Amino acid sequence: MKISVVGTGYVGLVTGACLADAGNNVLCLDLDESKIRTLREGGIPIHEPGLLELVRKNVAAGRLSFTTSIEESVAHGLVQFIAVGTPPDEDGSADLKYVVAAARNIGKHMTSEKVVVDKSTVPVGTADKVRAAIGDELSKRGVEISYHVVSNPEFLKEGAAVEDFQRPDRIVVGLDSPRAEEVMRQIYAPFQRQHDKLMVMDVRSAELTKYAANAMLATRISFMNELANLAESLGADIENVRRGIGSDSRIGYGFLYSGTGYGGSCFPKDVKALIKTAADSGHDLKVLNAVEDANEIQKGVLVKKIVRAFGEKLSGKRFALWGLAFKPNTDDMREAPSRVIIAELVARGATICAYDPVAMAEAKRVIPEPIDYVDGPIQALAGADALVIVTEWKEFRSPDFEEMAKLLKTKRVFDGRNMFDPTVVKRAGLIYEGIGRR
């Protein structure tokens, strides 16, 4: 099948590469010439495990190509996946100008039947706007051409996006025509060989499903963070609590880890957008408002611990920072807790020496504060008063604690991800503070 994908960000590029790997002929469109040049030269503009190899493999096989030509993209695919950004507006709503523009371009240039698939995370009712935009452009041209609009939200975790696409838990499609269902079943047949994972529903339910999923996961994170803060006050250990409740089959262990708050391109934006969607419909989502408030507070928890240990004024203090990305296995710095922590510490006069395995180039681009960057976690400790752990990268899991104790002036470790056993850390002579740990 010939497929066009509009947008080469996390969703678009992963979608295009995985569909090409299943044997389809995929053309990815992006109006950013530098992105397309990078892709044509054998690189990728983002860090995602396994994606570079997948892109190169399918480009070499002739199944995946890239263009900046809208006309070429529209002409290429029976199926047109829209996977463009939906950044938040000032009021928290999702900005749909790129989605609607992509739809209009399809309407302007299509000469044959198209199945238009909303892959971007969009609010309920977006498919109607896409359908109207295409219909408006066809009307302007005075032509009648068959087209179908489908909602097919992505459920990809950054850092595991390729695996998630190729081995999905479920494939949600919202549609209203037998022809669209036929095409979507054909596209996703290679990804559900063992049993049917395709969930066919109405379009609006599919659109809401995506927001509901992310809102639920964000709620679990904020709930556990609030419990962790309570555990500290009560002398309990949140890790014991996590195991106790996670063993309940009704709850499970997923997304029960306390830390410095959620970030990235999805949870913060989608929670805000769902709150705004509800408000526009006359509903006040009190739980989600509390989730968002709790998350913003949690991003400052480590700073509070540091201030409690060193005082409000941190001039002359130097902190080693392990981890910059909002989560491991990505270089995504959007809404990353590290940005809040760095800004707060620098504002109090501290200096920072940071290390992240893959996100330092992106951090240098987006972090305005003057901080130092080094090539390894141990190098960051040299001359530091204390260590602050923000991202739980695997390479941080088993450090030489005795060497850390020698290098850190005050021997303090502020573990924002509860990576270490407090007993082991303290045995090495370090002073340990986690999130909700005894």
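What comes next concerns the included structure. Model, not experiment: these values are computed from the prediction. (Residues numbered from 1 in each chain as written. Predicted model: local features only at pLDDT ≥ 70, side-chain atom pairs only at ≥ 80, totals over all residues. Heavy atoms only, no water.)

1. Digging into the sheet that holds strand 9 (residues 318-322)
Part 1 of the argument: One open sheet holds the six strands; their spatial order is 11-10-9-12-13-14, and the pairing between them is parallel. Looking along the sheet, the strands with just one partner apiece sit at the ends: strand 11 (372-373) and strand 14 (431-433).
Part 2 of the argument: Against the sheet, helix 13 (residues 301-310) touches strand 9, strand 12 (386-389), strand 13 (412-415) and strand 14, its axis set at about 160 degrees to strand 13. (Pairing = 2+ DSSP bridges. Helix = DSSP H or I, 4+ residues; strand = E, 2+ residues; numbered from the N terminus. Contact = heavy atoms within 4.5 Å. Axes fitted to C-alpha atoms, helices over the stretch in contact; angles between N-to-C directions.)

2. Looking at the packing of helix 1 (residues 10-21) against helix 3 (residues 51-60)
Part 1 of the argument: For the pair helix 1 and helix 3, interaxial distance at closest approach is 9 Å and the crossing angle is 50 degrees. One way to sum up the angle between helix 1 and helix 3 is to call them oblique. Crossing hand, helix 1 versus helix 3: left-handed. For the pair formed by helix 1 and helix 3, the contact residues are Leu-13, Val-14, Ala-17, Cys-18, Ala-20 and Asp-21 on the first element and Leu-51, Leu-54, Val-55, Lys-57 and Asn-58 on the second.
Part 2 of the argument: When the residues that make up the contact of helix 1 with helix 3 are grouped by side-chain class, the tally is eight nonpolar, one polar and two charged. (Parallel < 35°, antiparallel > 145°, perpendicular 65-115°, else oblique. Left-handed = near helix turned anticlockwise from the far one by under 90°. Nonpolar A, V, L, I, M, F, W, Y, C, P; charged D, E, K, R; others polar.)

3. A short note on the packing of helix 9 (residues 203-234) against helix 10 (residues 238-246)
Part 1 of the argument: Put simply, helix 9 and helix 10 touch, their axes get as near as 9 Å, and they point 135 degrees apart. Relative to helix 10, helix 9 is oriented oblique. Crossing handedness for the pair helix 9 and helix 10: right-handed. Contacts from Met-224, Leu-227, Ala-228 and Ala-231 in helix 9 reach Ile-238, Arg-242 and Ile-245 in helix 10.
Part 2 of the argument: Here the residues of the contact of helix 9 with helix 10 sort into six nonpolar, no polar and one charged.

4. What about the environment of Pro-49?
Part 1 of the argument: Counting through the fold element by element, Pro-49 comes out in the loop between helix 2 (33-40) and helix 3.
Part 2 of the argument: Sequence separation of Pro-49 and Asn-329 is 280 residues, and the distance between their C-alpha atoms is 6.9 Å.
Part 3 of the argument: Leaving out residues up to four positions away in the same chain, Pro-49 has contacts with Gly-159, Val-162 and Asn-329.

5. As for the pattern of salt bridges
Part 1 of the argument: By the definition in use, this model includes 36 salt bridges.
Part 2 of the argument: For Arg-250, the salt bridge goes to Asp-248, with nearest N and O atoms at 2.7 Å.
Part 3 of the argument: Between Lys-272 and Glu-292 there is a salt bridge, and its shortest N-O distance comes to 3.0 Å. Of this pair, Lys-272 sits in helix 11 (residues 267-280) while Glu-292 sits in helix 12 (residues 286-298), placing them 20 residues apart in sequence.
Part 4 of the argument: Glu-292 gets classed as buried once you look at its relative accessible area, which sits at 16%. (Salt bridge = Lys/Arg side-chain N within 4 Å of Asp/Glu carboxyl O. Buried < 20%, exposed > 50% of the residue type's maximum accessible area, 1.4 Å probe, protein only.)

6. Observations concerning the packing of aromatic side chains
Each aromatic ring pair is summarised here by two numbers: the centre-to-centre distance and the angle between the ring planes.
Part 1 of the argument: Throughout the structure, instances matching the rule amount to 10 aromatic pairs.
Part 2 of the argument: Ring geometry for Phe-165 and Phe-191: centres 5.3 Å apart, planes at 90 degrees, overall edge-to-face. Taken together, the residues Phe-165 in helix 7 (residues 161-166) and Phe-191 in the loop between helix 8 (178-188) and strand 8 (198-201) connect sequence positions 26 residues apart. The burial state of Phe-165 is the same as that of Phe-191; both residues are buried.
Part 3 of the argument: With a centroid separation of 6.1 Å and 65 degrees between ring planes, the pair formed by Tyr-355 and Phe-396 is classed as edge-to-face. Placement of Tyr-355 in strand 10 (residues 351-355) and of Phe-396 in the loop between strand 12 and helix 17 (401-407) is noted, with a sequence separation of 41 residues between them. (Phe/Tyr/Trp six-rings, centres within 6.5 Å; stacked < 30°, edge-to-face > 60°.)

7. Looking at helix 6 (residues 126-141)
Part 1 of the argument: Here helix 6 is 16 residues long and its end C-alpha atoms lie 23 Å apart, about the 22 Å a rise of 1.5 Å per residue gives.
Part 2 of the argument: Where helix 6 is concerned, the buried positions are Thr-126, Ala-127, Val-130, Ala-133, Ile-134, Glu-137 and Leu-138. Projected down its long axis, helix 6 carries its buried residues within an arc of 130 degrees, all on one side. Of the exposed residues in helix 6, the ones pointing more than 90 degrees away from its buried face are Ser-139 and Lys-140. (Expected span 1.5 Å × (residues − 1). Arc of directions from axis to C-beta.)

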